[in-house]
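Residues per chain, in single letters:
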Amino acid sequence: VVAGAGCEIVINKGTRMYPVEEPIEDRIQIREYPMGGGHTSNKMEYKGLLIGLRVVCEHVRNTRFKCPNYNCTVKLTVKGDSELVINQMNGSYEARDMKHMNERATNLLSEIEDEVDSLLVTFRHIPREQNTAADGLANEAMDEKRSWYTVYSNCDKYHLYGRS
(Lines give C-alpha, C1' and ligand atoms only; values in the text may rest on other atoms or scores of the structure.)
Protein backbone atom coordinates (compact mmCIF):
# COMPACT_ATOMS: atom_id res chain seq x y z
CA VAL A 1 0.00 0.00 0.00
CA VAL A 2 1.36 3.41 -0.97
CA ALA A 3 0.47 6.01 1.62
CA GLY A 4 1.52 9.49 2.60
CA ALA A 5 0.63 12.02 5.25
CA GLY A 6 -0.09 15.71 4.94
CA CYS A 7 -0.58 18.37 7.57
CA GLU A 8 -1.12 22.12 7.45
CA ILE A 9 -0.59 24.21 10.58
CA VAL A 10 -1.78 27.81 10.76
CA ILE A 11 -0.30 29.93 13.53
CA ASN A 12 -2.28 33.13 14.06
CA LYS A 13 -0.07 35.97 15.30
CA GLY A 14 -2.67 38.72 15.40
CA THR A 15 -3.95 41.29 12.92
CA ARG A 16 -2.15 43.88 10.81
CA MET A 17 -4.23 47.06 10.65
CA TYR A 18 -2.37 49.09 8.01
CA PRO A 19 -2.78 49.56 5.04
CA VAL A 20 -5.68 47.08 5.24
CA GLU A 21 -6.81 44.79 8.04
CA GLU A 22 -5.42 41.29 7.52
CA PRO A 23 -4.34 38.37 9.69
CA ILE A 24 -0.68 37.92 10.52
CA GLU A 25 -0.01 34.21 10.34
CA ASP A 26 2.47 31.53 9.49
CA ARG A 27 1.45 28.42 7.57
CA ILE A 28 3.52 25.28 7.85
CA GLN A 29 2.78 22.65 5.22
CA ILE A 30 4.16 19.20 5.93
CA ARG A 31 4.42 16.31 3.49
CA GLU A 32 5.48 12.92 4.83
CA TYR A 33 6.43 9.90 2.78
CA PRO A 34 7.32 6.89 4.92
CA MET A 35 10.27 4.76 3.94
CA GLY A 36 9.40 1.08 3.69
CA GLY A 37 5.93 -0.29 3.08
CA GLY A 38 2.98 -1.66 4.97
CA HIS A 39 1.57 1.66 6.15
CA THR A 40 -2.22 1.67 6.44
CA SER A 41 -4.25 4.80 5.80
CA ASN A 42 -5.18 4.90 9.51
CA LYS A 43 -1.52 4.80 10.46
CA MET A 44 -0.73 7.61 8.03
CA GLU A 45 -3.66 9.69 9.36
CA TYR A 46 -2.13 9.36 12.84
CA LYS A 47 1.31 10.10 11.37
CA GLY A 48 -0.02 13.42 10.03
CA LEU A 49 -1.38 14.25 13.50
CA LEU A 50 1.89 13.29 15.22
CA ILE A 51 4.01 15.33 12.83
CA GLY A 52 1.74 18.34 13.26
CA LEU A 53 1.80 18.08 17.07
CA ARG A 54 5.60 17.75 17.01
CA VAL A 55 5.88 20.97 14.98
CA VAL A 56 3.47 22.79 17.32
CA CYS A 57 5.51 21.54 20.30
CA GLU A 58 8.73 22.91 18.78
CA HIS A 59 6.99 26.17 17.95
CA VAL A 60 5.79 26.75 21.51
CA ARG A 61 9.23 25.85 22.87
CA ASN A 62 10.85 28.42 20.59
CA THR A 63 8.23 31.13 21.14
CA ARG A 64 7.36 32.95 24.32
CA PHE A 65 3.95 31.54 25.25
CA LYS A 66 4.28 31.77 29.02
CA CYS A 67 3.08 35.16 30.14
CA PRO A 68 4.64 36.47 33.38
CA ASN A 69 1.82 38.75 34.53
CA TYR A 70 -1.31 36.97 33.37
CA ASN A 71 -2.59 33.59 32.24
CA CYS A 72 -1.97 33.02 28.55
CA THR A 73 -4.29 30.43 26.97
CA VAL A 74 -3.18 28.72 23.78
CA LYS A 75 -6.05 27.33 21.68
CA LEU A 76 -5.24 24.41 19.41
CA THR A 77 -7.86 23.17 16.96
CA VAL A 78 -7.10 19.92 15.15
CA LYS A 79 -9.27 19.25 12.12
CA GLY A 80 -9.17 15.94 10.31
CA ASP A 81 -11.23 13.75 8.01
CA SER A 82 -10.35 10.50 9.80
CA GLU A 83 -13.25 9.64 12.08
CA LEU A 84 -11.07 7.01 13.77
CA VAL A 85 -8.29 9.45 14.73
CA ILE A 86 -10.56 12.34 15.73
CA ASN A 87 -12.93 10.15 17.76
CA GLN A 88 -10.07 8.31 19.48
CA MET A 89 -8.42 11.61 20.41
CA ASN A 90 -11.79 12.92 21.69
CA GLY A 91 -12.22 9.73 23.72
CA SER A 92 -15.42 8.68 21.91
CA TYR A 93 -13.75 5.58 20.43
CA GLU A 94 -11.51 3.23 22.30
CA ALA A 95 -7.99 3.26 20.90
CA ARG A 96 -7.35 -0.44 20.40
CA ASP A 97 -5.73 -0.89 17.00
CA MET A 98 -3.79 2.37 17.06
CA LYS A 99 -3.29 2.57 20.82
CA HIS A 100 0.46 3.23 20.63
CA MET A 101 -0.04 6.13 18.20
CA ASN A 102 -2.88 7.53 20.33
CA GLU A 103 -0.56 7.42 23.36
CA ARG A 104 2.20 9.21 21.41
CA ALA A 105 -0.25 11.97 20.41
CA THR A 106 -1.45 12.30 24.01
CA ASN A 107 2.17 12.54 25.21
CA LEU A 108 2.89 15.29 22.66
CA LEU A 109 -0.16 17.22 23.88
CA SER A 110 1.21 16.91 27.44
CA GLU A 111 4.57 18.28 26.25
CA ILE A 112 2.82 21.23 24.61
CA GLU A 113 0.80 21.84 27.78
CA ASP A 114 4.01 21.90 29.84
CA GLU A 115 5.29 24.79 27.68
CA VAL A 116 2.27 27.08 28.03
CA ASP A 117 0.20 28.56 30.85
CA SER A 118 -3.03 26.99 29.65
CA LEU A 119 -3.92 24.81 26.66
CA LEU A 120 -7.36 24.30 25.14
CA VAL A 121 -7.43 21.53 22.52
CA THR A 122 -10.36 20.78 20.24
CA PHE A 123 -10.47 17.84 17.82
CA ARG A 124 -13.01 18.36 15.06
CA HIS A 125 -14.01 15.94 12.33
CA ILE A 126 -14.46 17.55 8.93
CA PRO A 127 -15.64 15.98 5.66
CA ARG A 128 -12.90 14.91 3.27
CA GLU A 129 -14.03 17.59 0.79
CA GLN A 130 -13.05 20.22 3.38
CA ASN A 131 -9.64 18.65 4.01
CA THR A 132 -8.19 19.24 0.55
CA ALA A 133 -5.03 20.96 1.86
CA ALA A 134 -3.88 17.94 3.90
CA ASP A 135 -4.91 15.46 1.19
CA GLY A 136 -3.04 17.48 -1.43
CA LEU A 137 0.10 17.55 0.73
CA ALA A 138 -0.07 13.77 1.26
CA ASN A 139 -0.46 13.27 -2.50
CA GLU A 140 2.57 15.48 -3.18
CA ALA A 141 4.66 13.34 -0.80
CA MET A 142 3.51 10.15 -2.53
CA ASP A 143 4.18 11.62 -6.00
CA GLU A 144 7.67 12.84 -5.02
CA LYS A 145 8.44 9.83 -2.78
CA ARG A 146 10.06 12.11 -0.22
CA SER A 147 9.26 14.18 2.88
CA TRP A 148 9.63 17.93 3.32
CA TYR A 149 7.94 20.96 4.75
CA THR A 150 7.50 24.57 3.72
CA VAL A 151 6.77 27.66 5.79
CA TYR A 152 4.74 30.58 4.45
CA SER A 153 4.96 33.71 6.56
CA ASN A 154 2.37 36.23 5.38
CA CYS A 155 2.77 35.01 1.81
CA ASP A 156 6.58 35.07 1.94
CA LYS A 157 7.44 31.49 1.01
CA TYR A 158 10.69 29.93 2.07
CA HIS A 159 11.78 26.32 2.06
CA LEU A 160 12.91 25.17 5.48
CA TYR A 161 13.65 21.50 5.44
CA GLY A 162 13.92 18.76 2.89
CA ARG A 163 14.54 15.08 3.21
CA SER A 164 14.82 12.69 0.30
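Here's a quick rundown of the structure. In this text, all values refer to a predicted model and were calculated from it rather than measured experimentally. (Residues numbered from 1 in each chain as written. Predicted model: local features only at pLDDT ≥ 70, side-chain atom pairs only at ≥ 80, totals over all residues. Heavy atoms only, no water.)

### Some points on the packing of aromatic side chains
Inference 1: Applying the stated criterion across every chain yields a total of zero aromatic pairs.
Inference 2: The ring of Trp148 is capped by Arg146, whose NZ or CZ atom sits 4.0 Å from the centre of that ring. (Phe/Tyr/Trp six-rings, centres within 6.5 Å; stacked < 30°, edge-to-face > 60°. Lys NZ or Arg CZ within 6 Å of the ring centre and 35° of its normal.)

### A word on helix 2 (residues 83-90)
For an α-helix, 3.6 residues make a turn, and residues three or four places apart therefore share a direction.
Inference 1: The complete set of buried residues in helix 2 reads Val85, Ile86, Asn87, Gln88 and Met89.
Inference 2: Summarising the contacts, the buried residues of helix 2 are in contact with helix 1 (41-62), strand 3 (73-80), helix 3 (99-115) and strand 4 (118-125). (Buried < 20%, exposed > 50% of the residue type's maximum accessible area, 1.4 Å probe, protein only. Helix = DSSP H or I, 4+ residues; strand = E, 2+ residues; numbered from the N terminus. Contact = heavy atoms within 4.5 Å.)

### Description of the environment of Leu49
Inference 1: Here Leu49 lies in helix 1.
Inference 2: Leu49 sits in the buried class, given a relative accessible area of 9%.
Inference 3: Along the sequence, Leu49 and Val78 sit 29 residues apart, while their C-alpha atoms lie 8.2 Å from each other.
Inference 4: Setting aside its immediate chain neighbours within four residues, Leu49 contacts Val78, Val85, Met89, Ala105 and Phe123.

### Observations regarding the packing of helix 1 against helix 2
Inference 1: Two elements in contact, helix 1 and helix 2, have axes separated by 9 Å at closest approach and are oriented at 55 degrees. As judged from the angle between their axes, helix 1 and helix 2 are oblique. Where helix 1 approaches helix 2, its residues Asn42, Glu45, Tyr46 and Leu49 are matched on the opposing element by Leu84, Val85, Gln88 and Met89.
Inference 2: Tallied by class, residues from the contact of helix 1 with helix 2 come to five nonpolar, two polar and one charged. (Axes fitted to C-alpha atoms, helices over the stretch in contact; angles between N-to-C directions. Parallel < 35°, antiparallel > 145°, perpendicular 65-115°, else oblique. Nonpolar A, V, L, I, M, F, W, Y, C, P; charged D, E, K, R; others polar.)

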